[in-house]
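One letter stands for each residue in the lines below.
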Amino acid sequence: NLKKIPELPIKCLRESGFQIMHHISKLKTDIEKFGSEKNQEMAFLFQSLTHSLKTARKQAKNLNLARCTPSTKHAINLSRLLYTNLSSVPVPSIVSHLDDLFAYIEETLQSNLKLPFAEDFEELIVLVEELEKAVKTLLEPIESIRLPSHSHISEQSADALKQTRY
């Protein structure tokens, strides 16, 4: 009493497989291009932002508010530059997360202009360091993804359909 599932045309499966492979290939190329264009600038911005946050944290711990303010303002400017740089990443789902993260960073830094807390700077340092690791991971060469040849896709799809018992 098994109900027979309608068969999908092999041509349809081949076309969607080709579309997926094309999309993956384009995304891989776009990410590599993004990395080659932005990598040095991003490394500088991450390093400078982390340094400014650490300096602001140190001044906040020492309760030296007059010296904490310039470091905090510098961190605000650097975080805006980093956001602008990263928001051109060719992965839209990442950009929406960046919007939220950098809004939080901006809000935290702005509130620390009024009353700095070393703990806030510590949290931001950790967030920026984790973001830097994530960006480095994204920009690592994607050699593990091997795009199969078109003939491989069609033969494999056809064989899989022939063996399906439904």
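Cut-offs used in this document
Residue indices follow the written sequence of each chain, beginning from 1 at its first position. pLDDT decides what is reported in this predicted model: residues at 70 or higher carry local features, side-chain atom pairs at 80 or more are listed and counted, and totals for whole chains, interfaces and linings draw on all residues regardless. As a rule here, side-chain values cover all heavy atoms of the structure and leave hydrogens and water aside. By definition, any uninterrupted DSSP run of H or I lasting at least four residues is a helix, any uninterrupted run of E lasting at least two residues is a strand, and each is numbered from the N terminus. Relative accessible area decides the class of each residue, using a 1.4 Å probe on protein chains only: under 20% of the type maximum gives buried, over 50% gives exposed, and in between gives partly exposed. We call two residues in contact whenever any of their non-hydrogen atoms come within 4.5 Å of each other. Planes of paired rings set the category: under 30 degrees apart is stacked, over 60 is edge-to-face and the rest tilted, where pairs are Phe, Tyr or Trp rings (Trp by its six-membered ring) whose centres lie within 6.5 Å. For a helix, the expected span equals 1.5 Å multiplied by the residue count minus one. For this analysis, a polar contact is any N or O atom pair within 3.5 Å, provided that within protein one partner can donate a hydrogen and the other can accept it, and provided that sequence-adjacent residues contribute only side-chain to side-chain pairs.

Asks: Hey, could you run me through the environment of Lys38 in this one?
Replies: Along the polypeptide, Lys38 turns up in helix α1 (residues 10–61). Of the residues examined, Lys38 reaches a relative accessible area of 21% and is grouped as partly exposed. For the pair formed by Lys38 and Asn85, sequence separation is 47 residues and the distance between their alpha carbons is 7.2 Å. Those residues within four positions of Lys38 in sequence are excluded, and the remaining contacts are Asn85 and Ser88.

Asks: Just to check I follow, could you spell out the packing of aromatic side chains for this structure?
Replies: Within a pair of aromatic rings, the relevant descriptors are the distance that separates the centres and the angle that separates the planes. All told, the structure shown has one aromatic pair when counted by the stated rule. On the basis of an interplanar angle of 50° and a centroid distance of 5.3 Å, the ring pair of Tyr83 and Phe102 is categorised as tilted. Highlighted residues: Tyr83 in helix α2 (residues 65–86) and Phe102 in helix α3 (residues 92–114), separated in sequence by 19 residues. What makes Tyr83 partly exposed here is its relative accessible area of 28%.

Asks: Just checking my understanding: could you explain α2 for this structure?
Replies: Given 3.6 residues to a turn, an α-helix orients residues that are three or four positions apart in the same direction. Spanning 22 residues, α2 covers 31 Å between terminal C-alpha atoms, matching the ideal 32 Å at 1.5 Å per step. All of the buried residues in α2 are Cys68, Ser71, Thr72, Ala75, Ile76, Leu78, Ser79, Leu82, Asn85 and Leu86.

Asks: Help me understand the side chain of Thr72 in this model?
Replies: You can see Thr72 is positioned in helix α2. A relative accessible area of 0% places Thr72 in the buried class. Within the structure, the side chain of Thr72 is placed 2.9 Å from the backbone oxygen of Cys68, a separation counted as a polar contact. Those residues in contact with Thr72 that sit more than four places away from it in its chain are Ala56, Leu109, Asn112, Leu113 and Phe121.

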